[in-house]
Amino acid sequence: MSMVPKLLPILLLISSSVYAEEVLHQSLGKPADTLTNQAKWNLTIFPDGKNLPAGKGTSLQGAKLFALKCAACHGPEGIGASADPLVGEVGSLTSEDPEKTVNSYWPYATTLFDYIRRAMPFDAPFSLTADEVYSLSAYILSQDDIIPANLELNKETLPKVVMPNHDGFIAYYPDKH
């Protein structure tokens, strides 16, 4: 008996599964490279303020926004709820119970702006305007007296803010900037 009758069902099965895979595949969404080349997805804010957008905000404006958009997760004063605390514990990193909050751990205030802009609120990232992000940044930074409550943050003033743990990091490649 020939091998063809025995191999035919196997060949049909293999070829039909390949065909079915091609037919059933649906091209959904957009390619990742298309998305990441969009300005709002491809905007890095550097420690020196490079790429910060125009805008401005104060702690008073930020307090109102925080109550509306942030307090449900971060607590009414930013000391934590279902999400981690943002403020407090400045100086605790060398204690027995260090607490890594934005204000106690992060080395650059521009990182706060970048993170809020990209990731917050959790259910609607990229939904805040530049003015709202500056205002929220001002509110969070003023809670631990890192900046005066009346300071207006903008693309000139934000990079000048010196965070309490600014010198707490060691450059892995000190010769590269």
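Use the structure listed above.
## What to know about the pattern of salt bridges
- Across all of its chains, the model carries one salt bridge by this definition.
- When the shortest N-O distance is used, the salt bridge between Arg118 and Asp114 registers 2.7 Å. Taken together, the residues Arg118 and Asp114, both in helix H6 (residues 109-119) and four residues apart, mark about one turn of the helix.
- Note on Arg118: relative accessible area 29%, which makes it partly exposed.
- Judged by relative accessible area, Asp114 falls into the buried class, the value being 14%.

## Re unusual backbone geometry
- Residue Met120 is joined to Pro121 through a cis peptide bond whose omega torsion reads -10°.
- Mapped onto the fold, Pro121 is located in the loop between H6 and helix H7 (130-142).
- Of note, the phi angle at Phe126 is positive, near 65°, even though the residue is not glycine.
- Counting through the fold element by element, Phe126 comes out in the loop between H6 and H7.

Rules and cut-offs
- Residues numbered from 1 in each chain as written.
- Predicted model: local features only at pLDDT ≥ 70, side-chain atom pairs only at ≥ 80, totals over all residues.
- Heavy atoms only, no water.
- Salt bridge = Lys/Arg side-chain N within 4 Å of Asp/Glu carboxyl O.
- Helix = DSSP H or I, 4+ residues; strand = E, 2+ residues; numbered from the N terminus.
- Buried < 20%, exposed > 50% of the residue type's maximum accessible area, 1.4 Å probe, protein only.

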